[in-house]
Structure formats: C-alpha cells, structure tokens
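Take a look at the letters that make up each chain.
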Amino acid sequence: MRPSPAAASLDTALTVHGLVKRYGGVAAVDGIDLVLPAASVLTLLGPNGAGKTTTVEICEGFRRPDAGEVRVLGLDPVTQGERLRARIGVMPQGGGAYPSVRAGEMLRVIAACSARPLPVEWLLDVLGLTSSARTPFKRLSGGQQQRLALACAVVGRPELVFLDEPTAGMDPQSRHLVWELIGALRRDGVSVLITTHLMDEAEALADQVVIIDNGKVVAQGTPSSLTARSGEQQLRFRARPGMDLDALAGALPSGYRTEEPIAGSYLVCGQMNPTVLSAVTTWCADQGVLADEVRVARRSLEDVFLDLTGRELRS
C-alpha cells in the first residue's frame, strides 16, 4: 500500500497519489502514484503522449488535476502555489524565454527575483554561456537555449527542480556537462525530477526510474533492478550480415531467442553459460565466420522499456 501524500515526511520532496487528468474522454494521466525522496533523482520514462509532461505540469502547479492528491515539499501546488514557487526550479520544454531577451539578461532577471541566487557570472561560465551572454535567446543554438533554461531553473537555489527533457538537442559534450551539474545538485541535497527519452541518461542519473504508458505506471525501481528483474541475459556479437537466425537458434538449447537488430550485429537472449557461448562461437566457425566483439550483458533499460511499452512507432 502506498502512503498518502498527507503522510509524507520531511524526507520526501514529492508525493503523488491516484493522480488523474482527463482531456475530454481521454485520461492523459490515469491513477499515477509517485514518491520522490529528498536529495535524490527520479526519472520519468515513457513514449510520446504517455502523460509525463502533464504529470510534471500538475506537480509544478501549472495544471489542475481532476482527481488525486499531490504534495510538493509538503505543499499543495494548486492552493499553495505562491508559497511553493520560491522553493522550486522549473525547466520546461522549449526553454520558456522571450525570443528577443539576451541570455545574460534573462538569467539576471530570474536571479533578482530570488532571495539567495547563485552568482550569475559563475553559472554562465559553468554552463558554457559566457560568450553568449549578450546573444538574444532566438539566436542561440538549441543546446544553448536548453543550457540557459537549466541555468534559469537552478539560479535561485531551489530545493526541488523539475527538468523536462533537459538535454534535448544537445551535443555529447553539453549533455555530459548537464549530467555533471545534475549530479552536483543531488550531492548538495536538491531533489530532481526529470523526464527524458534517453535511456542512457536515465541509467546515468536516476536513483529511481518510473516508466509510464497510457497514463499509468507500468514499472518502477532502480535502473539495475529494472534491468535485472527478468534474470535474462544477452550475448552480443558481430559477424557477416544476414546469417540464418533459425539455424543459429537450432544450435542452441531450447528457449533462447536470436535476433539481428542491426545488420551484422547479433543478439542471443536467455541464461548465459559457457556451453551457450561455446555453441555460438562453434556455429559461427562452422559457417566460416569469426564472431567478433563477443560480450555477455544483462538486458538494457531500453530493452525493458520496449518490452513494456511496445516496439511500434507511435504518433
């Protein structure tokens, strides 16, 4: 049984119980429960339209729920929003800035509204925005706009930060810079709720992952517990493209799956042991092929996500 938000302790930054939000006859959020412990990172994963952004916007106080209870830092974001806003940081999708405002000006305005802001020049430097401080928002690159939005979310020293797709459109260097900043926030006692489509981001940052589909929670746990739950392992190797997967499966004990997800990249799923490894390499040798880059690993978070939400493309 999940605790009601009314019973939340000081160790809990956010609790959601039975959250429902409907648009017409469609339940965008359909009975979601969440708990975000203080000084931790919770990541929401889900396909487009799963209800992630709606859930976050309700927690931020921008939308009213149709049913359920939400407590953010012990406060109701609808009826106590004024008290809450000074204690949270919000990074919305799309940056949330006026197109003509200069990057440095935008950050200084937000800092001026805060009681104990972080030093603006320092934050611009940390996020690689010093040289762009006088550039209008609309002229920044997509990655720079995202980094500025993140700076605006954290400059007021919030206790809880909501980050909606924080590294969308960023290059690898910028992504890892943002990851480092999120890790620093967590170490400083800040609670972080992230929505993302990036599985490696969730695995790298999250203490807890919640997978949402069709407005419902379909799985939750630590990244390691989610990937280890089935006990299934994977053997991956590279070889000549287009080999006979049925013949490979026939060389293995019963119950193993074989796939070629990318041309020349092969996957054998099931419990791995020396006998299975030997069977794969022997079969490849019989085909006159050398199995290259052979490695055994557990299922990835992406595998778990696709198994739970389906592999078909959604609009």
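Please read all numbers here as calculations on a predicted model, not as lab measurements.

A. Structural context of the packing of aromatic side chains. In this structure the tally under the stated criterion is one aromatic pair. Between Phe 237 and Tyr 266, the aromatic rings sit 5.2 Å apart at their centres with planes inclined by 15 degrees, giving stacked as the arrangement. Highlighted residues: Phe 237 in strand β10 (residues 233–238) and Tyr 266 in strand β12 (residues 265–270), separated in sequence by 29 residues. Both residues of the pair, Phe 237 and Tyr 266, count as buried.

B. The arrangement of the layout of surface pockets in detail. Here the largest pocket defines a volume of roughly 630 Å³. In terms of lining residues, the largest pocket is bounded by 22 residues, among which Arg 85, Ile 88, Gly 89, Ile 110 and Cys 152 are the most central. Only β5 (88–91), α3 (103–112) and α5 (142–154) provide two or more residues apiece to the lining of the largest pocket. Class assignment of the residues belonging to the lining of the largest pocket gives a composition of 13 nonpolar, five polar and four charged. Estimated volume of the second largest pocket: approximately 260 Å³. Lining the second largest pocket are 18 residues; nearest its centre among them are Gln 234, Arg 236, Leu 267, Ser 300 and Asp 303. Of all the secondary structure elements, the ones that give two or more residues to the lining of the second largest pocket are β10, β11 (257–262), β12, β13 (292–298) and α11 (301–309). Sorting elements by how many residues they give to the lining of the second largest pocket places α11 first, with four residues. In the lining of the second largest pocket, the residues fall into five nonpolar, two polar and 11 charged.

C. The packing of α3 against α5, seen in detail. At their nearest, the axes of α3 and α5 sit 9 Å apart, and the two run at 15 degrees to each other. It follows that α3 is roughly parallel to α5 by the angle criterion. Pair α3 / α5 crosses with right-handed handedness. Taken together, the residues of α5 that come into contact with α3 (itself represented by Ala 103, Met 106, Leu 107 and Ile 110) are Leu 148, Ala 151 and Cys 152. Residues belonging to the contact of α3 with α5 are distributed by class as follows: seven nonpolar, no polar and no charged.

D. Up close: the pairing of strand β8 (residues 208–213). Burial of β8 is extensive: five of the six residues sit out of reach of the surface. Relative to β8, strand β3 (residues 41–45) runs parallel, the two sharing four bridges. Pairing of Leu 42 across the sheet is with Gln 208, part of β8. Hairpin connection, β8 to strand β9 (residues 216–221): the antiparallel pair is bridged by two residues, and Asn 214 has positive phi, about 55 degrees.

E. Fine view of the environment of Glu 203. Along the chain, Glu 203 falls in helix α7 (residues 199–205). Spatially, the C-alpha atoms of Glu 203 and Thr 222 are 8.7 Å apart, while their sequence positions differ by 19 residues. Beyond its immediate stretch of four places on either side in the chain, Glu 203 contacts Pro 223, Thr 227 and Leu 301.

Cut-off values and rules
Along each chain, residues carry numbers from 1 onward, in the same order as the chain's sequence is written. Local features in a predicted model are, by the rule used here, given only for residues with pLDDT of at least 70; side-chain atom pairs are given and counted only at 80 or more, and totals for whole chains, interfaces and linings are based on all residues. No hydrogens and no water enter the side-chain calculation; it runs on all heavy atoms of the structure. To pair, rings of Phe, Tyr and Trp, with the six-membered ring standing in for Trp, must have centres within 6.5 Å; the planes then decide the type, stacked if under 30 degrees apart, edge-to-face if over 60, and tilted in the middle. Helix and strand definitions follow DSSP, with helices as H or I runs of at least four residues and strands as E runs of at least two, each counted in order from the N terminus. Burial classes follow relative accessibility: with a 1.4 Å probe on protein chains only, a residue under 20% of its type's maximum area counts as buried, one over 50% as exposed, and anything between as partly exposed. Using a grid of 1 Å spacing that covers the protein atoms alone, one calls a set of points a cavity when a 1.4 Å probe fits there but cannot get out, and a pocket when the set is open and has protein on both sides within 12 Å along at least five of seven lines; lining residues are those with an atom within 4 Å of a point. Grid points are joined across faces, edges and corners, and a volume is the space filled by probe spheres set on the points. Charged residues are taken to be Asp, Glu, Lys and Arg, nonpolar residues to be Ala, Val, Leu, Ile, Met, Phe, Trp, Tyr, Cys and Pro, and polar residues to be all remaining types, Gly included. Every axis corresponds to a line fitted to the C-alpha atoms, with the helix fit spanning only the stretch in contact, and the corresponding angles, defined between N-to-C directions, vary from 0 to 180 degrees. Roughly parallel means an angle under 35 degrees; roughly antiparallel means over 145; roughly perpendicular covers 65 to 115; every other angle is labelled oblique. Rotating anticlockwise by less than a right angle from the far helix to the near helix defines a left-handed crossing, while the corresponding clockwise rotation defines a right-handed one. Only heavy atoms matter for contacts: two residues are in contact if any of them lie within 4.5 Å across the pair. Only when DSSP finds a minimum of two bridges between them are two strands counted as paired.

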